[in-house]
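# Structural overview for review
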Amino acid sequence: MKPMSVRRRYKVVLLKSGEGCRKPGGAECKGKECSQPKSTVIPTPECEYPSRLCDNNTLCIPVMALCDDKEDCKDGSDEGLRCGESLCQRSKDCSHFCSNAPEGFICHCPKGLNLGNDKLTCSDAHPCLQWGTCSQECIQIKNHHKCACFANYTLQADHFTCRSNDPSVPFVIFSNRHELRSVDLRTIQVKALISSLKNTIALDFYHTPTANIIYWTDVIDDKIYQGTLIALINIEVVVQTGLATAEGLAVDWIGENLYWVESNLDQIEVARLNGSFRRTLVAGDMESPRAIALDPRF
């Protein structure tokens, strides 16, 4: 099956010094004759679902080319794996059209209908009107859509995920009650930040241009602590009196306030990040609150 015709966008790729450089008349330059990098234009196809990219995102093939016993992609990604199972002949999950694919099967819709976020059901509702169609921005294009990203984010190859351009290493910090740990999301390596804790339940972090600070509660000590993220140095007690099982904690990184819930006292309290100006926001009207989350932008 021939590759389908597609619209194309272009990107400029810089070549190494001397590579692809020619003299007038067509002779190739050598050595120092070509000292400036040149550029060449490589077309990158734009694919609309259910068509897909292959060969390192240089070729767009239609869905009918999947699992047709012919390798339309040089990398062979359009064949193999579960193609031989012919799942569409046994599955009734798709509301309209079903096509076998190397990963199993994919559903798609007739003209005028759109595939829902469940990837199974077709309807006349536009995808951009449904939650979860794109990770950040959804651009409506007639019966189709295109995902886009906020400034300083880049759309990934799945055309859904937006990845931050910030070079900082992303990580997750968590507590197992007796230890605070971090997980590097790129290497999945786990590192202990602080050990020998008594019963740490909740934690949150505060980012500043000069340091990253972790706040956590200990329901045995009935205190709230803070420490600098790197090896958790400079550990200090922020709130040390009047606590009775503070099981939820949240940092307001805009207003620079600290919120926590008291499950035994059925109340929500707030203070500055250094523990000053402590106040009770809500007392009663709740039963054993266990966690708190906030978005200070609203």
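Predicted model, so just to flag it, every value in this text is computed and none were measured.

Criteria and thresholds
Residues numbered from 1 in each chain as written. Predicted model: local features only at pLDDT ≥ 70, side-chain atom pairs only at ≥ 80, totals over all residues. Heavy atoms only, no water. Pairing = 2+ DSSP bridges. Helix = DSSP H or I, 4+ residues; strand = E, 2+ residues; numbered from the N terminus. Axes fitted to C-alpha atoms, helices over the stretch in contact; angles between N-to-C directions. UniProt positions renumbered as here; feature names shortened; annotations may be inferred. Buried < 20%, exposed > 50% of the residue type's maximum accessible area, 1.4 Å probe, protein only. Disulfide = S-S within 2.5 Å. 1 Å grid on protein atoms, 1.4 Å probe; cavity = no way out; pocket = protein on both sides within 12 Å on 5 of 7 lines; lining within 4 Å. Points joined across faces, edges and corners; volume = space filled by probe spheres on them. Nonpolar A, V, L, I, M, F, W, Y, C, P; charged D, E, K, R; others polar. Patch = residues over 30% accessible without salt bridge, like charges linked within 9 Å, V, L, I, M, F, W, Y side chains within 5 Å. Areas by Shrake-Rupley, 256 points an atom, 1.4 Å probe, with all protein chains shown as cover. Salt bridge = Lys/Arg side-chain N within 4 Å of Asp/Glu carboxyl O.

## A few points about the sheet that holds strand β17 (residues 212–218)
An order of β16-β17-β18-β19 is seen for the four strands of this open sheet, with the pairing classed as antiparallel. Each edge of the open sheet carries a strand with a single partner, namely β16 (200–207) and β19 (233–239). This sheet shows a mean twist of 25° between the axes of neighbouring strands, independent of strand direction. Direction of pairing for β17 relative to strand β18 (residues 223–228): antiparallel, over a ladder of six bridges.

## Here we look at the UniProt feature "domain: EGF-like" (unreviewed entry) in the protein
UniProt records the feature "domain: EGF-like" (unreviewed entry) for residues 46–84, 87–123 and 127–163 in the present numbering. Here residues 46–84 is 0% helix and 15% strand, with 28 Å between the C-alpha atoms at its ends. Annotated as 0% helix and 38% strand, the span residues 87–123 places its first and last C-alpha atoms 23 Å apart.

## A few points about the pairing of β17
Buried residues dominate β17, accounting for six of its seven residues. Note that β16 and β17 share six bridges and pair antiparallel. Paired with Leu 203 across the two strands is Trp 216, which belongs to β17. Taking the residues between adjacent antiparallel strands as the criterion, β16 and β17 are bridged by four residues. Where β17 folds back onto β18 in an antiparallel hairpin, the turn is made up of four residues, including Asp 222, whose phi is positive at roughly 55°.

## Side note on the state of the cysteines
According to the stated counting rule, one finds nine disulfides in the structure shown. The disulfide partner of Cys 94 is Cys 107, and the S-S distance across this bridge is 1.8 Å. Taking the sign of the S-S torsion, -75° for the link of Cys 94 and Cys 107, the bridge is left-handed. A residue pair is termed long-range when its members are at least 10 positions apart, and Cys 94 in the loop between β4 (59–61) and β5 (97–101) and Cys 107 in strand β6 (residues 104–108) qualify at 13 residues. Cys 107 shares its class with Cys 94; the two are buried. Two residues, Cys 128 and Cys 138, share a disulfide whose sulfurs are 1.9 Å apart.

## Considering the layout of surface pockets
Volume-wise, the second largest pocket comes out at about 850 Å³. If you go around the second largest pocket, you meet 27 residues; those closest to its centre are Ser 168, Val 169, Pro 170, Phe 171 and Asn 212. For the lining of the second largest pocket, the secondary-structure elements that each account for two or more residues are β12 (162–164), β13 (171–175), β14 (180–184), β15 (190–194), β16 and β17. A class-by-class count of the residues in the lining of the second largest pocket yields 14 nonpolar, seven polar and six charged.

## Quick look at a nonpolar patch on the surface
Together, Val 172, Phe 174, Leu 185 and Val 190 make up a nonpolar patch on the protein surface, roughly 320 Å² of accessible area in all. Among the structural elements, Val 190 can be located in strand β15. What makes Val 190 exposed here is its relative accessible area of 51%.

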